[in-house]
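A structural walkthrough
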Amino acid sequence: MVQHTMTQPHKNTCPAFFLDATIDPAGSYSPCTALGGGTFKFSNRSFKSTWQDPKLADARLRSIAGEKLDMCRRCWSEEELGHTSERQHLLQDLPIGMDYTNPDYYLSGPKHLNIKVSNICNLRCRTCQSKDSYLYHIEGEYYEKTYKLHHTAYTLEKFKKHFTDSQLDELFEFCNNLDRIELYGGEPFLDNQVPKYLLRLIDAGLASNIDLSVSTNATHELSDTWRTILTSFKNVIINVSIDAVGSQFTYMRHPGKWESVEKILSDFFTLEHNASNNNITVQPVITVSALNILSLPSVFDYFKQYNVKPFLILVQWPKYYCVNVLPESVRPEVEAVLMQYDSAEFAPVINLLNTPRYESWDKFKFWTQAKDDYREEDFVNTFPEMAHLLSKHNEW
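In what follows, the accompanying structure is described. Numbers given for residues are sequential positions, taken from 1 along each chain in its written order. Note on the predicted model: pLDDT of at least 70 is required for a residue's local features to be given, and 80 or more for side-chain atom pairs to be given and counted; whole-chain, interface and lining totals, by contrast, use all residues. As a rule here, side-chain values cover all heavy atoms of the structure and leave hydrogens and water aside.

Another aspect to go through is the nonpolar core. Counting 100 residues, the largest nonpolar core has Ile181, Tyr197 and Leu198 as the members making the most contacts within it. Two residues qualify as a contact provided that any one of their heavy atoms is within 4.5 Å of a heavy atom in the partner residue. Not counting residues within four places of it along the chain, the set of residues in contact with leucine 198 comprises Ile181, Leu183, Leu212, Trp226, Ile229 and Phe233. Only buried residues count toward a nonpolar core, which is a set of Ala, Val, Leu, Ile, Met, Phe, Trp, Tyr and Cys residues joined through side-chain atoms within 4.5 Å. Buried, partly exposed and exposed residues are distinguished by accessible area as a fraction of the type maximum, computed with a 1.4 Å probe on protein chains only: under 20%, between the cut-offs, and over 50%, respectively.

And the structure:
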């Protein structure tokens, strides 16, 4: 192998190409979770051969050279908005002096393994699609037939997918470098396969050196198996997706029930409080869209009882849910509400709000009404503050 000389990486270089792998059971692959898991497709390939594939080698070289790869546009966009991107989070967490671009180091395996455990989920969230909740395809087929549409986000996948035992064996054999695992879905707490892999890491004495992050919709009580898992890894973060509270939660994360979610949230925070090594953290996460932008203060207020601030994810796809789809006439008043509550916390949201829209306002109204009709829900009654503002400016 050609001798590697350590140099300071270019300011645009992303560590994810060298440290991270985001995978699903069907062979989809991305360098990081910010890309959604589907940047590359490597069907019927071992994980080790995927990690060393020429396509990834080319992307790594281009990143080393400082190229802003098009696949990474979400991070570049967030950084322009003043929102800390996944790339920046990775850079902040890097140990000083780590030579992560050295092939002798990274080709032996990723440090961070992001596992999309399945596409099986009990919810059909407003801003989601069938790749993350395959049952969405039933609803999607209704929309396409009723409104004569084609290739919507809601029929992208019509089949279940989950990891096989042999795939999990491969992952276990290629975990030499691992110090962090992140699980998302689908709904990880519904999955029966990936826990086998995690238990194997525990039995092998490896889990105590690995951080674990799990993203959940907080609608499933923890099983004994999951309690064992969550209390056996080095540090654990439970990312809880809460886009609104009360009836607005059910609207955003249909058909989840807020009463059940509150009980499970309490259980999560009790688990955090009772952790013997203070190594479990519960982190609320809000997926910010044009639907719930005015509800952000109420979610932040709710979590004051737990002394924690939610983390924000900015929806940029589907484009008709991005906050910049809102009409120019209502934007100043939306901005004023956010500024009055916490101008610093919501600055990236406001910055995105005031960018040129990606999609027409009519498209937002169409999908809002179409889903309301199918689900027998009502945007106007559920979000009266936004409905009043839109009506006031003759936008609804």
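There is more to say, and it comes next.
In this description, a line fitted to the C-alpha atoms serves as the axis of each element, helices being fitted only across the stretch in contact, and the angle between N-to-C directions of two axes falls anywhere from 0 to 180 degrees. Numbering of helices and strands runs from the N terminus, with a helix taken as a DSSP run of H or I at least four residues long and a strand as a DSSP run of E at least two residues long. Interaxial distance between helix 14 (residues 331–342) and helix 18 (residues 384–392) falls to 10 Å at its minimum, and their mutual angle equals 150 degrees. Considered as vectors, helix 14 and helix 18 are oriented roughly antiparallel to each other. Between helix 14 and helix 18, the residues in contact are Glu333, Val334 and Val337 and Glu385, Met386, Leu389 and Lys392, respectively. The residue makeup of the contact of helix 14 with helix 18, split by class, is four nonpolar, no polar and three charged. With respect to orientation, any angle under 35 degrees is reported as roughly parallel, any angle over 145 as roughly antiparallel, any angle of 65 to 115 as roughly perpendicular, and every other angle as oblique. Each residue gets one of three labels, nonpolar for Ala, Val, Leu, Ile, Met, Phe, Trp, Tyr, Cys and Pro, charged for Asp, Glu, Lys and Arg, and polar for the others, Gly among them.

This paragraph deals with the pairing of strand 6 (residues 180–184). Here strand 6 lies mainly inside the structure; five of its five residues are buried. Residues Arg180, Glu182 and Tyr184 point to one face of strand 6 and Ile181 and Leu183 to the other, with burial holding for every one of them. The criterion for strand pairing is that DSSP finds at least two bridges linking the strands in question. With five bridges joining them, strand 4 (residues 112–116) and strand 6 adopt parallel strand pairing. Residue pairing across strands places leucine 113 opposite isoleucine 181, the latter belonging to strand 6. As defined by bridge partners, strand 6 adjoins strand 7 (residues 211–216) across four bridges and the pair is classed as parallel. When the sheet's bridge partners are listed, leucine 183 is paired in strand 7 with valine 214. A crossover gets the label right-handed when its path from the first strand over the helix to the second runs clockwise, viewed with the strands pointing away from the viewer. Once you follow strand 6 into helix 9 (residues 194–203) and on to strand 7, the crossover reads as right-handed.

Once that is clear, we can look at the side chain of glutamate 157. The residue glutamate 157 is located in the loop between helix 7 (136–146) and helix 8 (165–173) in this model. A polar side-chain atom of glutamate 157 sits 3.0 Å from a polar atom in the side chain of asparagine 119. Each residue touching glutamate 157, except ones within four places of it in the same chain, is listed here: Asn119, Ser130, Lys131, Tyr134 and His137. In the analysis that follows, any N or O atom pair within 3.5 Å is treated as a polar contact, provided that within protein one partner can donate a hydrogen and the other can accept it, and provided that, for residues neighboring in sequence, both atoms belong to side chains.

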